[in-house]
Amino acid sequence: MIQRGINRASVEDPDYNRLYQGLAQVHDALGDVDSARSTLNRALRLPRQSNNPHLLFALGLVEARASDFPAARLHFESTLAAAPWFVAAYRCLGRVEEELGRYAAAREHYARGATVRTEGTSFGGHGGALGGVRLEGTRGTAALWCSWATMERRLGRFSTAARLYDRAAMIFPTDPWLYLLWAEALEVAGDVDAARAVLKRALALPEPPHHAYAAAAGLEARAGEDEAARHLFTQGGKVEPVQTAAPPKELGLGFTLPFGRRDKPSTDGLLLLLVAHAQWEAALGYAGCVTAARELFDHAEAIDAAAPTRSAWLLRMRAQFEADAPGKSSAQLARHYFTRAVNEAPADAAAWNAFAAFELAGATPERANVYAQRAAEAELLSAARVRDRHPLRRKRGAA
């Protein structure tokens, strides 16, 4: 329906390039790369649009989606030739060169983007870095600096990555996700004390997100500092949700949540914190820990019940907890929550797979086979659904 509407509008006003760009985004989101490419090329042939940086950048993303990285590189370079302030193009050029294994070239693009003094206004921080918006008087964007640092970290250049995060924090001192990525890199490098200090800086921000408390508590838990971990989990659970940009998907927080841009306070971060706290309490295995974990899950469900839509991932996590709770597992409760999870999100393959594994472990292979088939069907549907993944976003799991 959206596609038909944009098509009609483009016929009525064929010189309106934003309509073509919108139509291309729909094609790309639906996985129709050829149509997205042809739509953008058509827009570039409009009067005075051959050097439109937004169209050129969008075409570069389409080619990156198609894994044609040399073509993507050409379009990003054309973007910068038309608009040297377009910081996101520097970032994407860096990512393209990374995909091609040309790390020196990637480093050069990141360095150039990090020295661009941009003009105009933007949403700023990580959110503003996603498009070709201009930032007032800054050098690059937080997202560009973090992408550069992440590359260096994955190449084993930990000291270089740390210096980049440090410099970025001087330019973007209020970006919480920068601190969380920095702390994660430091912990991976084995410097727990430095990671702890960086997380304290994140928590000292005027409105730290719940993810900062979850990250700090997780660090203490992994370091064996149980009381410090519990204090941070509890303290974060008392903080009211605030309006914030979504965290970058490169940030490892245990499991993936459906984050998007935030135009109003969201409870997603609080739910994640409560679930992480509950899982940690249950894993301790002390007397009363499983009961405390159930209370945390109950609290999370009560918060979620007041939201416009239910969080199926929360129900799935509760189901898994009830199936695995040390000494106090409940097959009946687990089945109840698995059923609610798949009913809430029937296209969630992860929920169906977890349900199948639960039934197989419970010696009900007939049910397990049915749910495994549902999972396979959901995966097929997922491949055809609208995609929100940036074509140059890194995959989790690398060092």
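See the structure shown above.
Residues numbered from 1 in each chain as written. Predicted model: local features only at pLDDT ≥ 70, side-chain atom pairs only at ≥ 80, totals over all residues. Heavy atoms only, no water.

### Examining the overall build of the chain
Phase 1 of the analysis: When helices and strands are tallied, the chain shows 20 helices and zero strands.
Phase 2 of the analysis: Long-range contacts, defined here as pairs at least 24 residues apart, represent 54% of the contacts in the chain between residues at least 6 apart.
Phase 3 of the analysis: Accessible surface, the chain: about 19,100 Å² in total, of which carbon and sulfur atoms supply 53%. (Helix = DSSP H or I, 4+ residues; strand = E, 2+ residues; numbered from the N terminus. Contact = heavy atoms within 4.5 Å. Areas by Shrake-Rupley, 256 points an atom, 1.4 Å probe, with all protein chains shown as cover.)

### Some details on the packing of aromatic side chains
Phase 1 of the analysis: For the structure on display, the rule yields 13 aromatic pairs.
Phase 2 of the analysis: Between phenylalanine 57 and phenylalanine 76, the ring centres sit 5.5 Å apart and the planes meet at 50 degrees, which makes this aromatic pair tilted. Linking phenylalanine 57 in helix H4 (residues 53-65) with phenylalanine 76 in helix H5 (residues 69-82), this pair joins segments that are 19 residues apart in sequence.
Phase 3 of the analysis: Note on phenylalanine 76: relative accessible area 0%, which makes it buried.
Phase 4 of the analysis: Geometrically, the ring pair formed by tyrosine 110 and tryptophan 148 is stacked, given 6.4 Å between the ring centres and 15 degrees between the ring planes. Of this pair, tyrosine 110 sits in helix H7 (residues 103-114) while tryptophan 148 sits in helix H9 (residues 142-154), placing them 38 residues apart in sequence. (Phe/Tyr/Trp six-rings, centres within 6.5 Å; stacked < 30°, edge-to-face > 60°. Buried < 20%, exposed > 50% of the residue type's maximum accessible area, 1.4 Å probe, protein only.)

### Observations concerning the environment of alanine 276
Phase 1 of the analysis: Structurally, the position occupied by alanine 276 is in helix H15 (residues 268-284).
Phase 2 of the analysis: Along the primary structure alanine 276 and glycine 218 are separated by 58 residues, whereas in three dimensions their C-alpha atoms are 8.2 Å apart.

### Here we look at helix H3 (residues 33-44)
Phase 1 of the analysis: For H3, built from 12 residues, the straight-helix expectation of 16 Å at 1.5 Å per residue is met to within 8% by its first-to-last C-alpha distance of 17 Å.
Phase 2 of the analysis: Residues of H3 that are buried include every one of Val33, Ala36, Thr39, Leu40, Ala43 and Leu44, and no others. Buried residues along H3 cover an arc of 140 degrees about the axis, so they all sit on one side. (Expected span 1.5 Å × (residues − 1). Arc of directions from axis to C-beta.)

### Brief notes about helix H16 (residues 289-305)
Phase 1 of the analysis: Relative to the 24 Å expected for 17 residues at 1.5 Å per residue, H16 spans 24 Å between its end C-alpha atoms, a close match to the ideal helical length.
Phase 2 of the analysis: Those residues of H16 that sit buried are Cys289, Val290, Ala293, Arg294, Leu296, Phe297, Ala300, Glu301, Ile303 and Asp304.
Phase 3 of the analysis: In this structure, the buried side of H16 is in contact with H15, helix H17 (312-324) and helix H18 (331-344).

### Some points on unusual backbone geometry
Phase 1 of the analysis: The phi torsion at arginine 48 lies on the positive side, around 65 degrees, for a residue other than glycine.
Phase 2 of the analysis: Turning to its location among the elements, arginine 48 is positioned in the loop between H3 and H4.
Phase 3 of the analysis: You can call arginine 48 exposed: its relative accessible area is 79%.
Phase 4 of the analysis: Within the chain, alanine 363 stands out as a residue other than glycine whose phi angle is a positive 65 degrees.
Phase 5 of the analysis: Along the chain, alanine 363 falls in the loop between helix H19 (349-361) and helix H20 (365-384).
Phase 6 of the analysis: Residue class for alanine 363 comes out exposed when judged on its relative accessible area of 63%.

### Some thoughts on the packing of H5 against helix H6 (residues 87-99)
Phase 1 of the analysis: Where H5 contacts H6, the two axes come as close as 9 Å, and the packing angle between them is 160 degrees. Taken together, the axis directions place H5 and H6 in an arrangement best described as roughly antiparallel. Regarding H5 and H6, the two cross each other, and that crossing is left-handed. Where H5 approaches H6, its residues Phe69, Ala72, Arg73, Phe76, Glu77, Thr79 and Leu80 are matched on the opposing element by Ala89, Tyr90, Cys92, Leu93, Val96, Glu97 and Glu99.
Phase 2 of the analysis: Per-class residue counts for the contact of H5 with H6 are nine nonpolar, one polar and four charged. (Axes fitted to C-alpha atoms, helices over the stretch in contact; angles between N-to-C directions. Parallel < 35°, antiparallel > 145°, perpendicular 65-115°, else oblique. Left-handed = near helix turned anticlockwise from the far one by under 90°. Nonpolar A, V, L, I, M, F, W, Y, C, P; charged D, E, K, R; others polar.)

### Focus: the packing of helix H13 (residues 210-222) against helix H14 (residues 226-237)
Phase 1 of the analysis: Packing of H13 against H14 brings their axes to within 8 Å, and their N-to-C directions diverge by 170 degrees. Our classification of the angle between H13 and H14 gives roughly antiparallel. Classified by chirality, the crossing of H14 by H13 is left-handed. In this structure, H13 uses His210, Tyr213, Ala216, Ala217, Glu220 and Ala221 to contact H14, whose residues at the interface are Ala228, Ala229, Leu232, Phe233, Gln235 and Gly236.
Phase 2 of the analysis: When its residues are assigned to classes, the contact of H13 with H14 shows eight nonpolar, three polar and one charged.

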